[in-house]
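# Structure at a glance
Listed here are the chains, written in short residue letters.
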Amino acid sequence: MKLTTESSLSEVHECLTNMGKQKTLALLEAEVYLVVFPWVDTGSAAFETSRIEDESGELSPREIRETARARAAAQASLSPTDAFLLPFGEGDRLSVGRLRTSDLRIESSSISKTHAWFTREGRGWSVQDAGSTNGTTHNDEPLSVGRQSSLEFGDTLEFGGVEAVYCDRAGVLELAERRW
């Protein structure tokens, strides 16, 4: 079995079960991964960054419809059962979006064409929103457009309605073991 771009956590777990930890680690060729989870409706907090409130702090009927439409589209566009892996490739700047040319491609209509950027910082990475429609969060904190936020393994990210975890190879194995 070979683990490739968009392999699932269940495939990683299957490798762990059949081949053991060391051989599974060897199959995970990248050093850094984004583990993308299927969209799950977690209530209003799932789209806090897409909310455009007026002075009263209330959503307009248009904004409520747009949020509901984005949630429904995200729910329909991702697998209902499993998370998948997006390995970080070469380069100092990687795009996240739904375009075919995105370095880290996530096919969900809650994701903008170019949603966010990852930028290499020495041995680590940072993330910044690229002016996306539905926003980006880092550890539940909304990112303003263009503001870079340094990442540590285990950090959670949300792109529109899609949740992800930034991790290394060992983190991928840990997530696969916890999930099953």
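Here's a quick rundown of the structure. (Residues numbered from 1 in each chain as written. Predicted model: local features only at pLDDT ≥ 70, side-chain atom pairs only at ≥ 80, totals over all residues. Heavy atoms only, no water.)

### Quick look at helix H1 (residues 9-19)
Every buried residue of H1 is accounted for by Leu9, Val12, Cys15 and Leu16. Around the axis of H1, the buried residues are gathered within 115 degrees of arc, so they sit on the same side. Opposite the buried face of H1, at more than 90 degrees from it, the exposed residues are Thr17 and Asn18. At the exit of H1 stands Gly20, carrying a positive phi of roughly 95 degrees. (Buried < 20%, exposed > 50% of the residue type's maximum accessible area, 1.4 Å probe, protein only. Helix = DSSP H or I, 4+ residues; strand = E, 2+ residues; numbered from the N terminus. Arc of directions from axis to C-beta.)

### Points about the pattern of salt bridges
In the structure shown here, the tally under the stated rule is four salt bridges. In this structure, Arg169 and Glu31 form a salt bridge, with 3.9 Å as the shortest nitrogen-oxygen distance. Residue Arg169 is found in helix H4 (residues 169-179), and its partner Glu31 is found in the loop between helix H2 (21-27) and strand E1 (32-37); the two are separated by 138 residues along the sequence. Residue classification places Glu31 among the exposed positions, given a relative accessible area of 52%. Between Asp92 and Arg120 there is a salt bridge, and its shortest N-O distance comes to 3.1 Å. With Asp92 in the loop between strand E2 (84-87) and strand E3 (93-97) and Arg120 in strand E5 (residues 116-121), this pair connects stretches of sequence that are 28 residues apart. Looking at Asp92, the relative accessible area reads 53%, which means it is exposed. A relative accessible area of 32% places Arg120 in the partly exposed class. (Salt bridge = Lys/Arg side-chain N within 4 Å of Asp/Glu carboxyl O.)

### Some points on the sheet that holds strand E11 (residues 162-168)
Judged by pairing direction, the sheet is antiparallel, and its six strands sit side by side in the order E2-E1-E11-E10-E7-E8 without closing on themselves. The sheet is open, and its two edges are formed by E2 and strand E8 (141-142), each paired on a single side. As paired elements, E1 and E2 share four bridges and run antiparallel to each other. By the bridge assignment, Leu34 is partnered in E2 with Leu86. (Pairing = 2+ DSSP bridges.)

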